[in-house]
Each structure stands twice: as structure tokens, then as C-alpha cells.
Amino acid sequence: MPLWLALSVVLGIFIGTFFANRFSGNRLSIINSGSNKLNDLLNIVDDQYVDTVNVGDLVEKAMPTILSELDPHSVYISQKDVQQANDDLKGSFFGVGIEFTIRKDTLHVQNVIHNGPSERAGLLAGDMIVEIDDEPFVGKGITNEDAMHRLKGDKDTKVKIGVLRGKEKKLRHYTVVRGEIPMKSVTATYMLDPKTGYIKIKNFGDKTYPELLIALARLGQEGFENLVIDLRGNTGGYLGSAVQMANEFLSRGQLIVYTEGRRSARQEYRADGRGSYQHLPLVVLIDEGSASASEIFSGAIQDNDRGTIIGRRSFGKGLVQQPISLHDGSMIRLTIARYYSPSGRCIQKPYTSGADRSYEEDLLNRYQHGEFFSGDSIKHEGPEYHTHNGRVVYGGGGITPDIFVGEDTLGVTSYYREASMTGLILQFAYEYVDENRQRLTKYTTKKELLDYLKKLNTVELFVQYAEKNGLKRRNLMIQKSHALLERYINSRLIYNVLDEQAWTEYLNDDDPAIRETLRVFRNGESFPKAETGEKEERKVAYDYSSTHRAMKLMACSVVNS
């Protein structure tokens, strides 16, 4: 009996080994051989290369390249960048509570967060930070990343800051105790007219949903009957936040989104019927900067015929990334699945593995092809799908709006392009506010400040400034672009003196997408109807270029710390 038992065990081992090699061992061998090959290469380089090599740096440089061979959104995040990558969506971080910008090799305080650590310590907007912890912090080498690294830190830790104020030559020193700094997703909430509420959402973070509920409660106190949610320029964030938001507007059982991948089983997200705004007339604004979670929300509203989507075709990011921490504190975000809207369409636009130049230049190609100006220029390369009411929608590349609102080239000149794209307008606005801060801060509302700015002739002030900084005066072009220049310049002055809410309200005052939204509500057209016969499509073309560019540039102009 012991002999037979031993023979059976040996036979079982042989059979198990055979099947393991046949069905899973090959894949394991490939991984092991590939891994060993990389290790062999690094060891050979370290041992025999003509010069001394830092193998760790070599690996850091290789990681992004390896992941880029998979898809455009699988990325490697180094240890030093992990905190910043997570802070963007957490809804808060620990720091000193300032917005800053770097001008002429010096860190300038753009805004001081109300009741934040820096305000309590005594810092003011306009201060120039030249020392951090008794070490000089000026010169061509300073970067936004360096400043954030020095100013952010653990809660209740202290940082000593040396500043120059105004024309003072003596350095002032402040000790700031780091605290929790909120990063709001909802950046503007107000009434567009007596019946229409407006909410601007910058991204989808940890606290987006509770911020939305607070915004809705505020609008409720003002008696709103219609709602517009502005997702233009919103690059996305957490799937869960988009699902929570959509749940507020959809009926029980309606599909919001589902994900599916090779190793990720289909997972559906459906409305639970507890939303408080299931029948509220709704419009969602999108553009080419709306991506990921913005497209999940927009797709759920569109495919369920719950509201009207207005604007331009969204970015087209429909890949699901899972964050995976590595032993040294770095992280990878690996694509594990795809998003699918309720109709079954994949939101992701086409791409090829590896460094896909055409993918990176997609928005530029759309612009050159005319898609920003005409809805007829939109290329639908994916298959047709149908909404709940039978309306045709398309897969394979973002969310196409129900009503197209395009840019117009009217008023755009080479002078305007150079003034806006080189950052001269941003630079002028900051320096003008910095030099006239005491006078400008008397105006506490958008209307008061705008009335004052209109008397200044800000375009002429800018033209004089620009000429001193290398942009030659072109009177005919300036006259043609006067309205665009005035709008952009004043928007930046308003942002620097007041806040993002006032800035958004100013830009919306003459925004064609907002005008079209109000028309839709007036005519009771926010709930899409089933198509009967030939499809009707409304296209609106307005001069939206100044708003579009202002928003894009504003996003790069200041940094929180």
C-alpha cells in the first residue's frame, strides 16, 4: 500500500506539471524570460559599460517608455510626483494656502486663500517670496514643482517664508503653520436668469458630489427650475464621482456606465432611484477638453435622453486606469478596462500602441480640419448606436453634442494670437493688478470692477505694455480684434482681483453656448424626443474663440500651494 501511494503521488506530480506547462507555464516563461532579459541587460550595462551609469535613473527613464507601448493613458508616476498626482483629486492637501505664479525668476503670491494658514500668518496678495526656510528662492532655476515641494508638507509643520512687499527693500519674515487646503471641484454657482441655475465643475474628485449637493441647495434657495452643468475643460477624475452625480438625475434602474476588460468582468453602474432631480430640465455643456468622467456623465445623460448636450465633441478618453503602488513609493496607472455608455458605445477614440503622434495631435488635427467651427466637419468613424428614444449616437471617439456651438474666426488676427498664446496678456494682467492693487481691491463685485475697467481703456494700456515687451503695435489688427482683446484682458484682471466665480460669470455674460442653453429652456427642448423620419440637427456658430482660449490659458497660469 505505501508503494502504491508513493507511485500515485509521483504520477500526480508529473500530470500536474504537464498541464501547468501546457496551459499557464508558457505565459509564465515568457514573463520570466522577458524579466530576466531586462535584468541581464541592466547588469551588463552596470558591469561593462564604458562610463559609470546610474542604473536607477535608467530604470526611471525606461518605465514610461514601456508603458507608452501599451496605450496613451497607462503611465508611470515617479515617487516625487505621486503626492501631486493624488492631491489633484483628493479635494484637499496640506500646505500654506496661496496661489502663486513665477514672474521674472521670482515667486509672486497671486491670491491668499481666505482664512488659510498664510492669511492668518500675515501674507498678502502681491508679496514676492524670495526665501523659504532661510534659503534664497529666486533665480532662473526655480520651478513650480520646486515651490510646491518646499511649501507643501505635513499638517501642523512650520515653514519660514521671507517676502518683499511692494517697493519695500527690507525683507519681511513670516512663519506659516501648514494646514488643510481645500481644492474645490465646483468653481462657480449662480443663477443665469430668474429660472436657470448654473454650476461649473472643474474636475471629478473625492468631494465633487457633496459640493454638487451644496451648489444645488444654494440654487434651490433661489428657486431654480432649470439647470446647466458646465463640464467644458473638465479633464475627468474619479469614476465614482461621475456615477454619484448621474444618479441624482436618472431614474431607478437606468444604466449610467459599464466597464469591461480582458481580465475585468463587466461591471454595471445603475441609478438607485434616490436622486432628487430626476425630472429637472437639464443641459450639459462640453467641449474638446471634456474627458473621461466628464464623458461618462455626459454619455449617461445623452443615452438615457435625460437632457441636452450642447457644445463641441468631447476628447474621447474611455480607458479605465487602476493605480498600482510600487515598493519605492512610485506608482503606475495601468489601463485595465474600457468605459461603455448605456447604449453600448465605447467612448475611447482610436489609437495605436506605442508613441502615437496622431493621438497626441488629435485636437490640433480637429482644429485644422475645421471641427471647432462646423459640426459637419466631425468625422464619425465608429458604429451607430441608439439612445433610449432611438436617437442615433456614435461610438469610437468622444461624445458628440446634440446641439453644436462652434468657434468663429471673426476678429481673430495674428496680433491677437500672439498676444494671447505667448502669455503677454496674462503677464500684463498680473503686473497691472500688482501695481494697482490698493486701488483695485476697493471693488468687491464683478459689476463694480467691470465698470471701472471700462473707463480705463484696458486694450490701449495692454498695447502700450506689449510694445515695450516686443509685440509691435498693429493698429488695424488691434481695431479688428478689439472686442476679443478687451474680453480676454478684462477676464484676467477680474480673475486676479476677485476670484474664479466672478471670472466665470464674466465670460458667461456673452457666451454663445449659454445663450443657446437659455433658448433651449425657453422653448422647452431640454428633454430630447424620439426621432421621427429625417434627423434634425441644430448647429450654432458663434465667436467663442476668446472664451475658449482664455479658459485654456487660465488653467496654466497659477499654481496652488
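Residues numbered from 1 in each chain as written. Predicted model: local features only at pLDDT ≥ 70, side-chain atom pairs only at ≥ 80, totals over all residues. Heavy atoms only, no water.

### Description of the overall build of the protein
Note the threshold: Each helix is a run of H or I in the DSSP string that is no shorter than four residues. Each strand is a run of E no shorter than two, and both are numbered from the N terminus. Exposure is judged per residue with a 1.4 Å probe applied to protein chains only, and the accessible area is read against the type maximum: over 50% gives exposed, under 20% gives buried, and values in between give partly exposed.
Each helix and strand in the protein was counted, giving 20 helices and 23 strands. In the protein, which comprises 561 residues, the proportion classed as buried is 50%.

### Regarding the nonpolar core
Our working rule: Remark: nonpolar core denotes a set of buried residues (Ala, Val, Leu, Ile, Met, Phe, Trp, Tyr, Cys) joined through side-chain atoms within 4.5 Å. In what follows, residue pairs with any heavy atoms lying within 4.5 Å of each other are defined as contacts.
Ranked by internal contacts, the top residues of the largest apolar core, which has 39 residues, are I199, L227, I229 and F297. Not counting residues within four places of it along the chain, the set of residues in contact with F297 comprises F204, I229, L231, A242, M245, A246, F249 and V284.

### As for the environment of T308
Note the following rule: Between N or O atoms, a polar contact is any pair within 3.5 Å; within protein, one atom must be a potential hydrogen donor and the other a potential acceptor, and residues adjacent in sequence are included only when both atoms are from side chains.
Here T308 is to be found in strand β16 (residues 308-311). Taking the C-alpha atoms as reference points, T308 and V520, 212 residues apart in sequence, are found 8.6 Å from one another. If near-sequence neighbours (up to four positions away) are discounted, T308 is found in contact with L282, V283, V284, D402, I403, V520, E525, S526, F527 and P528. A distance of 2.8 Å separates a polar atom in the side chain of T308 from the backbone oxygen of S526.

### Considerations on the pairing of strand β15 (residues 282-286)
For a regular strand, side chains alternate in direction, first toward one face of the sheet and then toward the other. As a reminder of what qualifies: Strand pairing is assigned whenever DSSP detects at least two bridges linking the two strands. If you view a crossover with the strands going away from you and the path from the first strand over the helix to the second runs clockwise, you call it right-handed.
Of all five residues in β15, five are buried, a share of seventy percent or more. Here β15 shows no split at all, with L282, V284 and I286 on one side and V283 and L285 on the other all buried. Looking at chain direction, strand β12 (residues 226-230) and β15 are connected through four bridges and run parallel. If you follow D230 over to β15, its bridge partner there is L285. Looking at chain direction, β15 and β16 are connected through four bridges and run parallel. Across the sheet, I286 pairs through a bridge with G311, a residue of β16. After leaving β15, the chain enters helix α8 (residues 293-303) and then returns to the sheet as β16, a path that is right-handed.

### A closer look at the pattern of salt bridges
Convention followed: The salt bridge definition used is simple: a Lys or Arg side-chain nitrogen within 4 Å of an Asp or Glu carboxyl oxygen.
Taken as a whole and judged by the stated rule, the model has 28 salt bridges. Linking R312 and E407 is a salt bridge whose minimum nitrogen-to-oxygen distance equals 3.8 Å. Placement of the pair is R312 in the loop between β16 and β17 (319-325) and E407 in the loop between β21 (403-406) and α11 (414-421), with a sequence separation of 95 residues. By relative accessible area, E407 is classed as buried at 2%. A salt bridge links D510 to R515, with the shortest nitrogen-to-oxygen separation between them at 2.8 Å. Exposure remark for D510: the relative accessible area of 47% places this residue in the partly exposed category.

### A look at the packing of aromatic side chains
As a reminder, the rule being used: Under the pairing criterion, centres of Phe, Tyr and Trp rings, with the six-membered ring standing for Trp, must be within 6.5 Å; the plane angle then separates stacked pairs below 30 degrees from edge-to-face pairs above 60, leaving the rest tilted. Lysine NZ or arginine CZ positioned within 6 Å of the ring centre and within 35 degrees of the ring normal marks a charge as sitting over the ring.
Inspection of the entire model under this criterion finds twelve aromatic pairs. Seen from their ring centres, F249 and Y277 are 6.3 Å apart, and the 40° between their planes marks the pair as tilted. Highlighted residues: F249 in the loop between α7 (239-247) and β13 (255-260) and Y277 in the loop between β14 (267-270) and β15, separated in sequence by 28 residues. Centroid distance Y443 to Y452: 4.9 Å. Interplanar angle 25°. Geometry classified as stacked. The exposure classification of Y443 matches that of Y452, with both residues buried. An aromatic cluster of at least three residues, connected via ring pairs, comprises F224, F249, Y277 and F297. Above the face of the F372 ring, R312 is positioned so that its terminal group lies 5.6 Å from the ring centre. The residue whose ring lies beneath K349 is F315, and the NZ or CZ to ring-centre distance is 3.6 Å.

### Let's talk about α11
Applied cut-off: Arc, as used here, means the arc of the directions from the helix axis to the C-beta atoms.
When we look at burial in α11, the residues that qualify are Y415, Y416, A419 and S420. The arc enclosing the buried residues of α11, seen along the axis, measures out at 120°, which places them on a common side. G423 occupies a position one or two residues after α11 and carries a positive phi of about 85°.

### As for α8
Along α8, eleven of the eleven residues are buried, which leaves the element largely enclosed by surrounding structure. Within the sequence span of α8, burial applies to A293, S294, E295, I296, F297, S298, G299, A300, I301, Q302 and D303. A positive phi of about 55° marks D305, the residue just after α8.

### Describing the packing of α11 against helix α17 (residues 482-497)
Here is the rule we go by: Throughout, an axis means a line fitted to C-alpha atoms (over the contacting stretch in the case of helices), and angles, computed between N-to-C directions, take values from 0 to 180 degrees. In what follows, roughly perpendicular refers to angles from 65 to 115 degrees, roughly parallel to angles under 35, roughly antiparallel to angles over 145, and oblique to any angle outside these ranges. As a working rule, the residues Ala, Val, Leu, Ile, Met, Phe, Trp, Tyr, Cys and Pro are called nonpolar, Asp, Glu, Lys and Arg charged, and the rest polar, with Gly in that last group.
Relative orientation of the contacting elements α11 and α17 amounts to 10°, with a least axis distance of 10 Å. As the angle between them shows, α11 and α17 are arranged roughly parallel. Across the interface between the two elements, Y415, Y416, A419 and S420 of α11 pack against L484, L485 and Y488 of α17. Across the contact of α11 with α17, the residue classes tally to six nonpolar, one polar and no charged.

### Some points on the packing of helix α14 (residues 446-456) against α17
Heads up, the condition is: By definition, any crossing whose near helix is turned counterclockwise from its far helix by less than a right angle is left-handed, and any crossing with a clockwise turn is right-handed.
At their nearest, the axes of α14 and α17 sit 11 Å apart, and the two run at 135° to each other. Classified by the angle between their axes, α14 and α17 sit oblique to one another. The handedness of the crossing between α14 and α17 is right-handed. Across the interface between the two elements, K446, L449, L450 and L453 of α14 pack against N490, L493, I494 and V497 of α17. Residues of the contact of α14 with α17, tallied by class, amount to six nonpolar, one polar and one charged.

### Focus on the side chain of S118
Along the chain, S118 falls in helix α4 (residues 117-121). Take S118: its relative accessible area is 0%, and that puts it in the buried class. Leaving out residues up to four positions away in the same chain, S118 has contacts with V96, G97, I98, V112, L123 and V176.

### Concerning the environment of V75
One can find V75 in strand β1 (residues 75-77). Assessed through its relative accessible area of 31%, V75 is described here as partly exposed. Separated by twelve residues in the primary sequence, V75 and M63 place their C-alpha atoms 8.4 Å from one another. Among all residues touching V75, those that are not within four sequence positions of it are L67, M331, I332 and R333.

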